[in-house]
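Structural overview for review
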Amino acid sequence: MRAVDHTQAMLDWWAATGVDRVDLAVRRASGAMLWQRDRPIARLPLAWARAAHAQQADIYARPARGRSWPLIVIDDVALGRADAVAREVDAFLVETSPEGGCHVWLRCDRALAEDERMRVQRTWLVRLGGDPGSVSGEHLGRLAGFKNWKRGGCWVNIRPAAR
């Protein structure tokens, strides 16, 4: 699968959950964060993100902040645990490091406000053993199909859920 296909698969899954607006963030190698906030999925400036990525920028996304969404993300989950949970619940896995770290996007049974997402994240964090510093209800995740420059330039790709 090509990198653009990984990106599209992630955005398509989000859209299927009911997410129609996204915050896109580009962190340049200098550390500067550039934002495209509250953009319709179909009009995300992906060419802009790819151009920045070619200059070693990291690319992040999340469902648009300030709205209720039926998704949460748990960061830095081991592959085995991520695969196990994806067999039990509706989840989208994004492999973010060669050491086996994943972002696990979990579909919730209803739309949750930011503070509710944070509480649900804390519950899932205990079960999945992710990064406790990434629980905020509005946390960014890496956008699939781009390199994780922080981790030596590895590709950030979707990981097919074993169902």
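Up top is the structure these notes are about.
In this report, the structure presented in the accompanying data block is examined. (Residues numbered from 1 in each chain as written. Predicted model: local features only at pLDDT ≥ 70, side-chain atom pairs only at ≥ 80, totals over all residues. Heavy atoms only, no water.)

By the definition in use, this model includes 2 aromatic pairs. Above the ring of Trp35, the side-chain terminus of Arg37 is found at 4.1 Å from the ring centroid. (Phe/Tyr/Trp six-rings, centres within 6.5 Å; stacked < 30°, edge-to-face > 60°. Lys NZ or Arg CZ within 6 Å of the ring centre and 35° of its normal.)

With that out of the way, let us pick up the state of the cysteines. The final tally for this structure, using the stated rule, is 0 disulfides. For Cys108, which is in no disulfide, the shortest distance to another cysteine sulfur is to Cys102 and amounts to 18 Å. Since its relative accessible area comes to 16%, Cys108 is described here as buried. (Disulfide = S-S within 2.5 Å. Buried < 20%, exposed > 50% of the residue type's maximum accessible area, 1.4 Å probe, protein only.)

Met10, Trp14, Ile59, Trp105 and Leu143 are the most contacted members of the largest nonpolar core, which has 28 residues in total. For this core, the secondary-structure elements that each account for two or more residues are α1 (3-17), β1 (21-27), α2 (46-53), β3 (58-63), β4 (69-78), β5 (91-95) and β9 (154-159). Ranked by residues supplied to this core, first place goes to α1 with 4 residues. Grouped together as the second largest cluster of nonpolar side chains are 18 residues, Leu79, Val85, Cys102 and Val104 included. (Core = buried A, V, L, I, M, F, W, Y, C linked by side-chain atoms within 4.5 Å. Helix = DSSP H or I, 4+ residues; strand = E, 2+ residues; numbered from the N terminus.)

What follows concerns the pairing of strand β6 (residues 101-112). For β4 and β6, the ladder comprises 7 bridges, and the chain directions are antiparallel. Among the inter-strand pairings, Val77 is bridged to a residue of β6, identified as Cys102. Between β5 and the antiparallel strand that follows it, β6, lie 5 residues; Gly100 among them carries a positive phi value of about 100°. (Pairing = 2+ DSSP bridges.)

It is worth spelling out the pairing of β5 at this point. The element β5 is extensively covered by neighbouring structure, given that 4 of its 5 residues are classed as buried. Pairing of β5 with β6, which is carried by 5 bridges, proceeds in the antiparallel orientation. Paired with Leu93 across the two strands is Val104, which belongs to β6. With 3 bridges joining them, β5 and β9 adopt antiparallel strand pairing. Across the sheet, residue Leu93 finds its bridge partner in β9, namely Arg159.

With that settled, the discussion passes to the pattern of salt bridges. For side chains of opposite charge, pairing can occur when their charged atoms come near one another. On inspection of all chains with the given rule, the structure shows 13 salt bridges. One salt bridge connects Arg2 with Asp5, and the closest N-O pair in it is separated by 3.2 Å. Residue Arg2 is classed as exposed on the basis of its relative accessible area of 56%. Given the relative accessible area of 29%, Asp5 is considered partly exposed. Between Arg62 and Asp23 there is a salt bridge whose closest N-O contact spans 2.9 Å. With Arg62 in strand β3 and Asp23 in strand β1, this pair connects stretches of sequence that are 39 residues apart. The burial state of Arg62 is the same as that of Asp23; both residues are buried. Salt bridges sharing partners connect three or more residues here, namely Asp23, Arg62, Arg65, Glu114 and Glu138. (Salt bridge = Lys/Arg side-chain N within 4 Å of Asp/Glu carboxyl O.)

In short, geometric facts, not functional conclusions.
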